Amino acid sequence: MSLVLGIETSCDETAAAVVGADGEIRASVVASQVELHGAYGGVVPELAGRAHLEALTPVLAETLRRAGLGAGRPGLDAVAATVGPGLLGSLLVGVSEAKALSLAWGLPFVGVNHLEGHLFAALLEHREVDWPLAVLLVSGGHTLLVSMEGPGRYRRLGATLDDAAGEAFDKVARFLGLGYPGGPAIERAAASGDPGAFAFPRPLLGEGLELSFSGLKTAVVRAVRARPEATNEDVAASFQAAAVEVLVAKLCAGAEAAGAAGLCLAGGVAANGPLRAAVTAAGEERGLPVLLPSRPMCTDNAAMIAAAGAWQLGHLGPSPLDTPADPALGLAFVP
Ligand code: KG4
Ligand code: ZN
């Protein structure tokens, strides 16, 4: 059975994982830099790169140990790493280490697109899939609506015209002084707030498949300045309700446009409880199966990178060792 080691260092999680060709996760280790960046209210690229350099080797050693593989020349078949998109200084740490290991162990190197990794996350835990799948990829850096016609075949349906969904959660949380990362902080505060306290806009609702979040963020800032007595809980709940309503509506509209056989979420924002509940309800209403990655598979991890790498190796072959780290790498779409 083939085993792939995956390495993920594109942003603020240092992660490694070993995944079998059948998608079995043999080990998955994630070292978060949340505490390091928390003091600054967001990811500091220079600090992230240095922290990856310190954390990656111990994370790799722990991953191999948990997978029951020796460190000398483990019984692996390939080494995959995220080559982009992400922070250049962070990507370089994982890419360099993966290339060095592939040379030392005489194994193929596979350069993986981080966005494609997120799209593989749900597949790792759900083997029976009817295609096409309407997938809403919502992370800190990206908001992308695609029709996944199968692994490696993605049709673009829509994307954000400005801020990413996770970025909106992070910026609103920062404005409210709720800390970093913003998504989980907003979700916690919203749990005891009134989602009807503010009638925030639902940008581009009912208008095609593109999304927009910067106007919503600005509306939150304006409303709070006009009503300084409002509680953080009410603001968070009202913001989250607006964001979730738009996200679910766009996913359903995308599914309809693509004739999708199922709904799927991916990326860090997919860990949001109310969003998961709303998508589950929308799927039930439409008689469509809903594929939700478990919460640890939504946020950045290396199991999804190893899974995408295993598929890529089998279908497209290994990547050249001079494959660069590319901070602006996009997802390749079928026409
Ligand atoms: O996929 P991810 O871990 O990293 C990127 O590739 O960007 O996504 C991180 C984003 C952050 O913006 C974070 O605030 C958001 O996902 N996030 C959430 C939740 N957990 C993480 N947003 C809403 N609710 C959550 N529970
Ligand atoms: Zn990500």
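Residues numbered from 1 in each chain as written. Chains lettered and ligands numbered in written order. Predicted model: local features only at pLDDT ≥ 70, side-chain atom pairs only at ≥ 80, totals over all residues. Heavy atoms only, no water.

Considering the coordination of the zinc ion (ligand 2)
Logical step 1: Donor atoms from the polypeptide that coordinate the zinc ion (ligand 2) comprise His114 (NE2), His118 (NE2) and Asp300 (OD), at 2.0 to 2.1 Å from the metal.
Logical step 2: Relative to the metal, the 4 donor atoms surrounding the zinc ion (ligand 2) lie at angles of 95 to 138°, and the coordination shape comes out irregular.
Logical step 3: Look at where the donors of the zinc ion (ligand 2) fall in the sequence and you get H-x3-H-x181-D. With His114 in helix 4 (residues 114–125) and Asp300 in the loop between helix 10 (295–298) and helix 11 (303–316), the pair connects residues that are 186 residues apart, well separated along the chain. (Donors = N, O, S within 2.8 Å, 3.2 Å for Na, K, Ca; no water. Tetrahedral: all angles 85-135°; square planar, octahedral: opposite > 155°, others 65-115°. Helix = DSSP H or I, 4+ residues; strand = E, 2+ residues; numbered from the N terminus.)

As for the domain arrangement of the protein chain
Logical step 1: Parsing the protein chain into structural domains produces domain 1 (3–119 + 299–316) and domain 2 (130–292).
Logical step 2: Centre-to-centre, using C-alpha coordinates, domain 1 lies 27 Å away from domain 2.
Logical step 3: Domain 1 puts 15 residues into the contact, and the matching count from domain 2 is 14 residues.
Logical step 4: Summed over both partners, the interface of domain 1 with domain 2 comes to about 1300 Å²; 73% of that surface belongs to carbon and sulfur atoms. (Domains from an automatic or database assignment. Contact = heavy atoms within 4.5 Å. Buried area = accessible area lost by both parts, 1.4 Å probe.)

Regarding the packing of aromatic side chains
Logical step 1: Within the structure shown, the criterion is met by 3 aromatic pairs.
Logical step 2: Consider the rings of Phe198 and Phe200, whose centres lie 5.2 Å apart with planes at 5°: the pair is stacked. For the residue pair Phe198 and Phe200, the accessibility class agrees, reading buried in each case.
Logical step 3: Lying over the aromatic face of Phe198, Arg227 brings its terminal NZ or CZ to 4.0 Å of the ring centre. (Phe/Tyr/Trp six-rings, centres within 6.5 Å; stacked < 30°, edge-to-face > 60°. Buried < 20%, exposed > 50% of the residue type's maximum accessible area, 1.4 Å probe, protein only. Lys NZ or Arg CZ within 6 Å of the ring centre and 35° of its normal.)

Focus on the site of ligand 1
Logical step 1: Close contacts around ligand 1 come from 20 residues, with Gly140, Asp170, Gly183, Glu187 and Asp300 the closest.
Logical step 2: Taking Glu187, its side chain carries an N or O atom lying 2.8 Å from a nitrogen atom of ligand 1.
Logical step 3: Considering ligand 1 on its own, with 560 Å² of exposed area, one finds that the protein chains cover 89% of that surface.
Logical step 4: For the shell around ligand 1, the per-class residue count stands at 5 nonpolar, 12 polar and 3 charged.
Logical step 5: Both domains that furnish three or more residues to the shell around ligand 1 are identified here as domain 1 (3–119 + 299–316) and domain 2 (130–292). (Near = heavy atom within 4 Å. Polar contact = N/O pair within 3.5 Å; in protein donor to acceptor, adjacent residues only side chain to side chain. Areas by Shrake-Rupley, 256 points an atom, 1.4 Å probe, with all protein chains shown as cover. Nonpolar A, V, L, I, M, F, W, Y, C, P; charged D, E, K, R; others polar.)

A closer look at the pattern of salt bridges
For side chains bearing opposite charge, pairing can occur when the charged atoms are close.
Logical step 1: This structure, assessed with the given rule, holds 11 salt bridges.
Logical step 2: In this structure, the salt-bridge partner of Glu149 is Arg155, at a minimum N-O distance of 2.6 Å.
Logical step 3: You can call Arg155 partly exposed: its relative accessible area is 31%.
Logical step 4: In this structure, Asp163 engages Lys217 in a salt bridge whose closest nitrogen and oxygen atoms are separated by 3.1 Å. Here the residue Asp163 occupies a position in the loop between strand 8 (153–159) and helix 5 (165–176), and Lys217 occupies one in helix 7 (residues 214–226), the gap between them amounting to 54 residues. (Salt bridge = Lys/Arg side-chain N within 4 Å of Asp/Glu carboxyl O.)

Things to note about the pairing of strand 9 (residues 262–266)
Logical step 1: Burial runs high along strand 9: 5 of the 5 residues are buried.
Logical step 2: Neither face of strand 9 is open: one carries Gly262, Cys264 and Ala266, the other Leu263 and Leu265, and all of them are buried.
Logical step 3: In terms of strand pairing, strand 6 (residues 133–138) meets strand 9 through 5 bridges, oriented parallel. Directly across from Leu136, in strand 9, lies its bridge partner Leu265.
Logical step 4: Two strands pair when backbone bridges link them, and strand 9 and strand 10 (residues 290–291) are joined in this way by 2 bridges, in the parallel orientation. Directly across from Leu263, in strand 10, lies its bridge partner Val290.
Logical step 5: The handedness of the strand 9 to strand 10 crossover, carried by helix 9 (residues 273–286), is right-handed. (Pairing = 2+ DSSP bridges. Right-handed = clockwise from strand over helix to strand, strands pointing away.)

What to know about the packing of helix 5 against helix 6 (residues 182–190)
Logical step 1: As a packed pair, helix 5 and helix 6 sit with axes 7 Å apart at the nearest point and diverge in direction by 65°. Regarding helix 5 and helix 6, the two cross each other, and that crossing is left-handed. Of helix 6, the residues touching helix 5 (which contributes Phe169, Asp170, Val172, Ala173 and Leu176) are Gly182, Gly183 and Ile186.
Logical step 2: Split into classes, the residues belonging to the contact of helix 5 with helix 6 amount to 5 nonpolar, 2 polar and 1 charged. (Axes fitted to C-alpha atoms, helices over the stretch in contact; angles between N-to-C directions. Left-handed = near helix turned anticlockwise from the far one by under 90°.)

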